[in-house]
Amino acid sequence: MRNLIMALVVLGAVGGGGWLGYCKWQHKRDIKQAKAAFDKGYTTLASDILEHHRKWMTKSEDDCKLLVNIYYSARNPGALAWAAESCLTNGIDLPETNMGLAFSRDMAGRTQEAVQILGSVVDKYKDIPDVFYRMAQMLARLGNNESAAVAYSQALERAKDNAAMFVEALDFMAQQKMWETAKPIAMKIKDSEIDNPAIKLLIARVLINSGEKESAKPLVAAAKTLLEKAPNKDQIEKAFSDILR
């Protein structure tokens, strides 16, 4: 009898270990498949693959990052909120999880709450430009233009080489006619290699309206040359008629 009991215990241990090993193998396989789908832009498929694993994924940093990125890209505010809240509850306090929580609120139409969430972590992640950048975008949508301009400026101080972010901030400030606030940004990127005539004219517009007409002249001249081959020449000329006249 004793030998039988021992045999059953051993079999149970082996069986349990085998099942655990299988679960780990399947988890790794599904994570790999989800990443592959995500890289192709198949965010709905990636979400579906992770559905059976998501509760276990809120206990590691890498898995939390993956969950948040996939649910954000899939534009699934409910799943994104669940993932961010679960990861944070489990002590996975990262820029990604906090921004994921903010994005989930923003997607649900609770943009003011999203701004408050980001505002509560800016000191903790003060070297990460994306926190300030996302806050700037939300503040701009709320019509809080002065605060949005400040957040954009703070993002740009930390994002040394993000050309798209610089142009977006410059365009926002130009639309609000915040010429003096936009001037340092325009001065910083005016000599950059840019082959888009619209961007050159945007920089020139800021420089002209902030008292730097001489600095704007080379940009306008270069933009005119680029316009000759631009497929949307008429549209750009109309948008920047004040600069090209």
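All values reported here derive from a predicted model rather than from experimental measurement.

Cut-off values and rules
- Residues numbered from 1 in each chain as written.
- Predicted model: local features only at pLDDT ≥ 70, side-chain atom pairs only at ≥ 80, totals over all residues.
- Heavy atoms only, no water.
- Axes fitted to C-alpha atoms, helices over the stretch in contact; angles between N-to-C directions.
- Helix = DSSP H or I, 4+ residues; strand = E, 2+ residues; numbered from the N terminus.
- Parallel < 35°, antiparallel > 145°, perpendicular 65-115°, else oblique.
- Left-handed = near helix turned anticlockwise from the far one by under 90°.
- Contact = heavy atoms within 4.5 Å.
- Nonpolar A, V, L, I, M, F, W, Y, C, P; charged D, E, K, R; others polar.
- Disulfide = S-S within 2.5 Å.
- Buried < 20%, exposed > 50% of the residue type's maximum accessible area, 1.4 Å probe, protein only.

Draft legend 1. Looking closely at the packing of helix α6 (residues 111-119) against helix α7 (residues 129-141). For the pair α6 and α7, interaxial distance at closest approach is 10 Å and the crossing angle is 155°. The angle between the axes of α6 and α7 places the two elements in the roughly antiparallel class. As for the relative orientation of α6 and α7, their crossing is left-handed in sense. Mapping the contact onto sequence places T111, A114, V115, L118 and G119 in α6 and V131, R134, M135, M138, L139 and R141 in α7. Among the residues forming the contact of α6 with α7, the class breakdown is 7 nonpolar, 2 polar and 2 charged.

Draft legend 2. Structural detail: the state of the cysteines. All chains considered together, the criterion is met by 1 disulfide. What pairs with C64 in a disulfide is C87, and their sulfur atoms sit 2.1 Å apart. Looking down the S-S bond of the C64 and C87 bridge, the torsion is -105°, so its handedness is left-handed. Of this pair, C64 sits in helix α3 (residues 61-73) while C87 sits in helix α4 (residues 77-89), and the two are 23 residues apart along the sequence. Each member of the pair C64 and C87 is classed as buried.

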